[in-house]
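One letter stands for each residue in the lines below.
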Amino acid sequence: METEAALEFVRAEVLAKTGKPLSDIEAVVLEGAWNGKTYEEMAVSSGYAVNSLKNDAGPRFWKTLSLHVFGEKVSKANLRAVLDRQTAQRGVAISPNVSQHPSAIAPMRSRTTSRIDWGEAPNLGVFYGRIAELEALQFQIMAQKSQLIAVLGLRGIGKTTLSVKLVETLQTQSDQFEQVIWRSLFHDPPPALHDLLADLLKSLSGQVKLNLPATTDERLSLLVEQLQKHRCLVILDSFKSLMQAHLLAGQYKRGYEEYGELLKRIGMEHHQSCLVLTSQDCPQEVVELEAQQFPVKTLAINGLALQDAKQILLAKGLSDETYWETLIDIFQSNPLALQLVSAKIQRSFGGQVSSFLKQKTITTRHIVDLIDQQFQSLSTLEKEITYWLAVSPFPLSFADLRNHIPISGAVLLDALESLLQRSLIQGEAEFTLEPIVRQYVLNEFNKEALDSDLPNAGVSIQKLLERCYESNER
Ligand SMILES: Nc1ncnc2c1ncn2[C@@H]1O[C@H](COP(=O)(O)OP(=O)(O)O)[C@@H](O)[C@H]1O
Ligand SMILES: [Mg+2]
């Protein structure tokens, strides 16, 4: 009954937006995903080959729904959340019993007002959408009692902004936290843990002059003690600032390794508080604690929903609305990229998106600006993997990559996981680059191919070149 309604809703939307009815295999994927089945289970009940469901029909269907039907990222994992939201927006009820979120995050009766120490948090200007992300965060914080949450995503995707909005939202919806502290680690150099702990302890105590323990360890113990006694929310923005470039993801700069201890203690020990960090790379401790089922969670942030991304272009006064979707698509709904490119279009093209879209080179440069820093800090092996994924017209499995890159499986796997931790690639059994990253890498590849400065990857790059030339000639 519920499933029927969901199928009907999607069927109608797909037909309206693409002009094509849902195919049988798409209906199988939709029904299966809605009911939480694995692709293997779908194969058994439908008779379709698991391979075509998992590697062909499935990914294509999610892409169609994301790009052409709902204007936001839809996957097997978030289908229910997307449909719940989309139907709610249109006033259709399809799953009255599934979503635990609304009741779980219902406002609590006011107890006390939280004391908020904003630190250097940026002012929230306009803020569009992110309803699902805010709900998910509130669900994790309040209902699931997560003690450590990593908000992850590419630069400019809106992590910092979301973390500020989270504090505001929690403030208006409930007074569960006695105290909230927002801190940015984006400093050169970033604060040593020793100093950050002093800052947090002072803020928690409300005293500027406080007799603090001498050692970092003791300070950490005191912090955990405070988090046990009082329900506090601590936000640490830009955790990436602590990470070392040119190593695999999640490894600290020298002198900052103690932050790992902070995460472990907050994730593992009993207390009633929560630490939310935002980062481009997921710290290794978070990966491990989440896998070990501690109350630790990662939340990946993708681009804005289509209608919210359009708001940015509208606010920037762009014209040619028919081309907006193309522009948003190129920049993967990344709000920072859209702001930058809109300003450029306004300056150089009088706000005309169509004129801008003819200038392919400018499109590339903006993507370069956005990804450059993160890409250049990758390890050589990670870069090499991204090159293979960029030139491949289809997703590559671990085995495919091993065929291309003659290196030990364990080392390759570490690098692959590192790229996942950095939000640069997506997939489970088979991997692709985030589209915006793919455009960047292809562009980089053209440059590097000329002055090949990837020493260890030289041989493979040669092969890549040959392959590129081959496909160009076809
Ligand atoms: N939901 C949103 N609505 C409107 N603007 C947003 C939103 N999210 C991000 N932005 C804008 O995009 C830019 C980048 O966001 P930011 O939070 O700094 O990204 P990140 O921390 O992921 O690098 C900022 O200028 C911010 O104002
Ligand atoms: Mg940020």
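Below you will find a few notes about this structure. For clarity, every value in this text was computed on a predicted model and none was experimentally measured. (Residues numbered from 1 in each chain as written. Chains lettered and ligands numbered in written order. Predicted model: local features only at pLDDT ≥ 70, side-chain atom pairs only at ≥ 80, totals over all residues.)

### Looking at the overall build of the chain
Piece 1. Regarding its fold elements, the chain presents 22 helices and nine strands.
Piece 2. Per-residue burial over the chain gives 36% buried out of 474 residues.
Piece 3. Put simply, 72% of the contacts in the chain that link residues at least 6 apart link residues at least 24 apart. (Helix = DSSP H or I, 4+ residues; strand = E, 2+ residues; numbered from the N terminus. Buried ≥ 20, exposed ≤ 12 C-beta atoms within 10 Å, placed from the backbone. Contact = placed C-beta atoms within 7 Å.)

### Overview of the sheet that holds strand β8 (residues 425-427)
Piece 1. Strands sit in the order β7-β9-β8 across an open sheet of three strands; the sheet is antiparallel. In this open sheet, the two strands that pair with only one neighbour each are β7 (396-397) and β8.
Piece 2. As defined by bridge partners, β8 adjoins strand β9 (residues 430-433) across three bridges and the pair is classed as antiparallel. Paired with Gly427 across the bridge in β9 is Phe431.
Piece 3. In this fold helix α18 (residues 380-391) packs onto β7, β8 and β9, with an angle of close to 90° to the strand it touches most, β9. (Pairing = 2+ DSSP bridges. Axes fitted to C-alpha atoms, helices over the stretch in contact; angles between N-to-C directions.)

### A few points about the pairing of β9
Piece 1. Burial along β9 is one-sided: the residues Phe431 and Leu433 are buried and none of Glu430 and Thr432 is.
Piece 2. Pairing between β7 and β9: two bridges, direction antiparallel. Counted as the bridge partner of Leu396 is Phe431 from β9.
Piece 3. The hairpin turn running from β8 into β9, its antiparallel successor, is two residues long.

### Here's the deal with the sheet that holds strand β5 (residues 274-279)
Piece 1. The parallel open sheet is built from six strands, whose spatial order is β1-β3-β4-β5-β2-β6. Each having just a single partner strand, β1 (115-117) and β6 (296-300) make up the two edges of the open sheet. Ignoring strand direction, the axes of neighbouring strands in this sheet form an average angle of 15°.

### What to know about the site of ligand 1
Piece 1. In the neighbourhood of ligand 1, 18 residues make up the surrounding shell, with Gly158, Lys159, Thr160, Thr161 and Pro335 lying closest.
Piece 2. If you list the elements that add at least two residues to the shell around ligand 1, you get α8 (159-173) and α15 (335-349).
Piece 3. Of the residues assigned to the shell around ligand 1, the class counts are seven nonpolar, eight polar and three charged.
Piece 4. Counting the residues that make up the shell around ligand 1, at least three belong to each of domain 2 (115-300) and domain 3 (306-358). (Near = placed C-beta within 6 Å. Nonpolar A, V, L, I, M, F, W, Y, C, P; charged D, E, K, R; others polar. Domains from an automatic or database assignment.)

### Description of the environment of Ala337
Piece 1. Considering the arrangement of structural elements, one finds Ala337 in helix α15.
Piece 2. For Ala337, a count of 27 C-beta atoms within 10 Å gives the class buried.
Piece 3. For Ala337, the residues in contact, after removing those within four places along its chain, are Gly156, Phe331, His366 and Leu370.

### Things to note about the environment of Gln147
Piece 1. Considering the arrangement of structural elements, one finds Gln147 in the loop between α7 (131-143) and β2 (148-152).
Piece 2. Once the C-alpha coordinates of Gln147 and His271 are considered, the two residues, 124 residues apart in sequence, prove to be 7.8 Å apart.

### Section: helix α13 (residues 306-315)
Piece 1. For α13, the complete set of buried residues consists of Asp308, Ala309, Lys310, Ile312 and Leu313.
Piece 2. Summarising the contacts, the buried residues of α13 are in contact with α14 (324-330) and α15.
Piece 3. Looking one or two residues past α13, Gly317 carries a phi angle of roughly 75°, positive in sign.

### Describing unusual backbone geometry
Where the residue is not glycine, phi is negative for most of them; where a peptide bond is considered, it is trans in most cases.
Piece 1. Omega for the peptide link from Asp188 to Pro189 comes to -5°, which places this bond in the cis form.
Piece 2. Along the chain, Pro189 falls in the loop between β3 (179-184) and α9 (193-205).
Piece 3. The phi angle at Ser238 is positive, at roughly 65°, despite the residue not being glycine.
Piece 4. Looking at the secondary structure, you find Ser238 in the loop between β4 (232-237) and α11 (258-268).
Piece 5. Positioned with a positive phi, Ser423 is a non-glycine residue whose angle comes to about 65°.
Piece 6. With respect to the helices and strands, the residue Ser423 is situated in the loop between α20 (409-421) and β8.

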